[in-house]
Amino acid sequence: MGFVIRKIYDATTRGNREALERVIEIAQQQIEEPHEEGIQKILGQLQDPMRYGYRAILFVAQRGTGSFEGFALLLHFPDLEFCFLEYISAAPGGTGRGVGSALYERVREEAEELGAQGVFFECLSDDAAVVEDPAELAQNRARLRFYERFGARPIAGTLYEKANESSDPFLVFDGLGHEAPLTRRRGRAIVRAILERKYGFMCTPAEIDAYVASFRDDPVRLRPPRYRRRRSAEKGVLAPRRRRIALVVNEKHDIHHVRERGYVEAPVRIRAILKAIEATGLFERIADREFGERPIAAVHDPEYARYLKRACARVPAGKSVYPYVFPIRNASRPPRDLPIRAGYYCIDTFTPLNANAYLAARGAVDCALTAAECVLEGHRFAYALVRPPGHHAERGNFGGFCYFNSAAVAAERLSRLGRVAVLDVDFHHGNGTQDIFWRRADVLTISIHGDPANTYPYFAGFADEVGEDAGRGFNWNLPLRDGIGGERYRRALREALERVREFAPAYLVVALGLDPAKGDPTGSWLLGAADFRKNGELIAALDLPTLVVQEGGYRTRSLGAHARAFFTGLWAGSHKTPKGGRQAGSI
């Protein structure tokens, strides 16, 4: 279709404010007889979610970064487990291009994930005896025909139907494909909630009581279908579906293959994980996109990025250059020779430069950004399965097998649309991510890792490192001793997740290391498959849109099983979340 649908969580970021301004503009242009107070209330609903007794969930359809194709505003009533579609509208000139269908399908998916029994909304009459204007009648019929494709029909036999004789709207019900009918008791409770919470300023208590009492049929009766269903709808193509985990794989990762003995960051890692997780059926494969060099420059020193590109291009094919001179005594005058200058930018002696390191790292960044876009488009979970890893890459340094910090680049992208928490669960400290966001208050960085007193990277990851300036208090390290098992690890994980809840981000980025596993050649912990599954369940309980970026994990015999266990737990945990929607960062 050429556009994406993004979920707006708040009005605090520049990107979201611009989107909201465009939404209000579209509403004023497209919605018949718009209620200015109601349209402006969108902002208040996002900033104070439960002030009105429901959550406001806003979706915008965008083409690229600047063109808005339409929007939908869904109201969620968590106490009664139903949703009300307040507005859905394409931008001027946007009708007939699939915008409305895409938005409504996204609304239905959201309602389904929230555990709603159905979606209610209002539509004007399609009766020629009521609507005299032929153009208006055609428009009303087209609208009800559209919704009937999804199984949505007006409620019959109540005051809503009788009121429609004077061109007041029908109340329409979409049961989301559920077989259970709407009982009279639930119907009355829902209608009362709609009238009191949405229209209490214009309806008297006596009028509300009359409408509620008019629901006499049990179950609630719907008007018989009037329009012929499309064949695709009969086959269930338009039925709501649970979204699978978006999977973006760095397909050309294996161009970066260091064959020296003992170099554990090998292509087989990706193959082992991919084989295990694809068998679960939980994933939807998404092709990666190219984003250019600008997102890298947003988190890395541009001079460092230029150096890495030039230096790798000069290394002969099949050769590797390891840093062996570290000019820390006079950092202002780095060596001119590019191979010798490697130590100016590298933090260790075992992360080589070769002809393809830069290209593979660029590919990993593109995959992480593609997965981040999947989250913005509505996927609850997205997984960037990449190598080389990235969390040791600082703003101006590489090391620990890492060249560009893919998770940090993705977190930077997401941070333009809401606050972000980065949770690093690799055995080794995420010193790169800490360095990049050290002075930022809009990105919370948390790392659970081996004690840096005796674990790489040795110089960072201590508990007293909390950030500086605006970022003070927004970096949190949880170093743990050698030899711990799953129970001790989960105590730390619960602490970290509680801190995330307090921060209340819009998005979560998980830097997934599988090297806490028992037997990993780079770690000393004892976690097994059951532990990774439990960790996934705990993270899912945050109920946040979550991007997972692959970091370490080097015991290839168990790598696939542990990845499968983690994502199985993540998926299962998301379906254990209590009905009523998100907690941290909720809308």
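Note that this is a predicted model, so its numbers are computed, not measured.

**Here's the deal with the confidence of the model for the protein chain**
Phase 1 of the analysis: Considering every residue of the protein chain, the mean pLDDT works out to 87; 85% of them sit at 70 or more.
Phase 2 of the analysis: Scored below 50 in pLDDT, residues 577-587 makes 42 contacts in the model with residues more than four places away or belonging to other chains.

**A closer look at the nonpolar core**
Phase 1 of the analysis: Leu353, Tyr403, Phe404, Val509 and Leu547 are the most contacted members of the largest nonpolar core, which has 56 residues in total.
Phase 2 of the analysis: Sort the elements by how many residues they give to this core and helix 13 (residues 357-376) lands first, with 13 residues.
Phase 3 of the analysis: If sequence neighbours within four positions are ignored, Leu353 has contacts with Tyr307, Leu308, Ala311, Cys312, Val315, Lys319, Ser320, Val321, Ala342, Phe398 and Tyr403.
Phase 4 of the analysis: Core analysis: the next-biggest nonpolar cluster, separate from the first, contains 49 residues, Ile273, Ile446, Ala492 and Val548 among them.

**So, the environment of Val325**
Phase 1 of the analysis: Take Val325: it is sitting in the loop between helix 11 (302-314) and helix 12 (338-345).
Phase 2 of the analysis: Given a relative accessible area of 31%, Val325 falls into the partly exposed group.
Phase 3 of the analysis: With 21 residues separating them in the primary sequence, Val325 and Cys346 have C-alpha atoms 9.7 Å apart.

**Structural notes on the pattern of salt bridges**
Phase 1 of the analysis: Summed over the entire model, instances satisfying the criterion amount to 28 salt bridges.
Phase 2 of the analysis: Salt-bridge contacts for Glu110 lead to Arg106; the nearest nitrogen and oxygen are separated by 3.3 Å. On the criterion of helical spacing, the pair formed by Glu110 and Arg106 is a turn pair, its members being 4 residues apart in helix 3 (residues 99-113). Assigned by exposure class, Glu110 and Arg106 land together as buried.
Phase 3 of the analysis: Two residues, Asp126 and Arg226, come together in a salt bridge whose shortest N-O distance is 3.1 Å. In this pair, Asp126 sits in the loop between strand 5 (119-123) and helix 4 (134-148) while Arg226 sits in the loop between helix 7 (205-213) and helix 8 (231-234), placing the two residues 100 residues apart along the sequence.
Phase 4 of the analysis: Residue classification places Arg226 among the partly exposed residues on the basis of a relative accessible area of 48%.
Phase 5 of the analysis: Linked by salt bridges that have partners in common, Lys7, Arg106 and Glu110 make up one network.

**Considering unusual backbone geometry**
Negative phi characterises most residues that are not glycine, and trans characterises most peptide bonds.
Phase 1 of the analysis: Look at the link from Arg387 to Pro388: it is a cis peptide, with omega at 0°.
Phase 2 of the analysis: Within the element layout of this structure, Pro388 appears in the loop between strand 10 (381-385) and helix 14 (406-415).
Phase 3 of the analysis: Between Tyr456 and the following residue, Pro457, the backbone shows a cis peptide bond with an omega angle of 10°.
Phase 4 of the analysis: Phi is positive for Phe401, which is not a glycine, with a value near 70°.
Phase 5 of the analysis: You can see Phe401 is positioned in the loop between strand 10 and helix 14.
Phase 6 of the analysis: When its relative accessible area of 10% is taken as the criterion, Phe401 is described as buried.
Phase 7 of the analysis: Its identity as a non-glycine residue notwithstanding, Ala504 has a phi of 55°, on the positive side.
Phase 8 of the analysis: Inspection of the secondary structure puts Ala504 in the loop between helix 16 (486-503) and strand 14 (507-512).
Phase 9 of the analysis: By relative accessible area, which is 31% here, Ala504 ends up partly exposed.

Cut-offs applied
- Residues numbered from 1 in each chain as written.
- Predicted model: local features only at pLDDT ≥ 70, side-chain atom pairs only at ≥ 80, totals over all residues.
- Heavy atoms only, no water.
- pLDDT = per-residue confidence, 0-100.
- Contact = heavy atoms within 4.5 Å.
- Core = buried A, V, L, I, M, F, W, Y, C linked by side-chain atoms within 4.5 Å.
- Buried < 20%, exposed > 50% of the residue type's maximum accessible area, 1.4 Å probe, protein only.
- Helix = DSSP H or I, 4+ residues; strand = E, 2+ residues; numbered from the N terminus.
- Salt bridge = Lys/Arg side-chain N within 4 Å of Asp/Glu carboxyl O.

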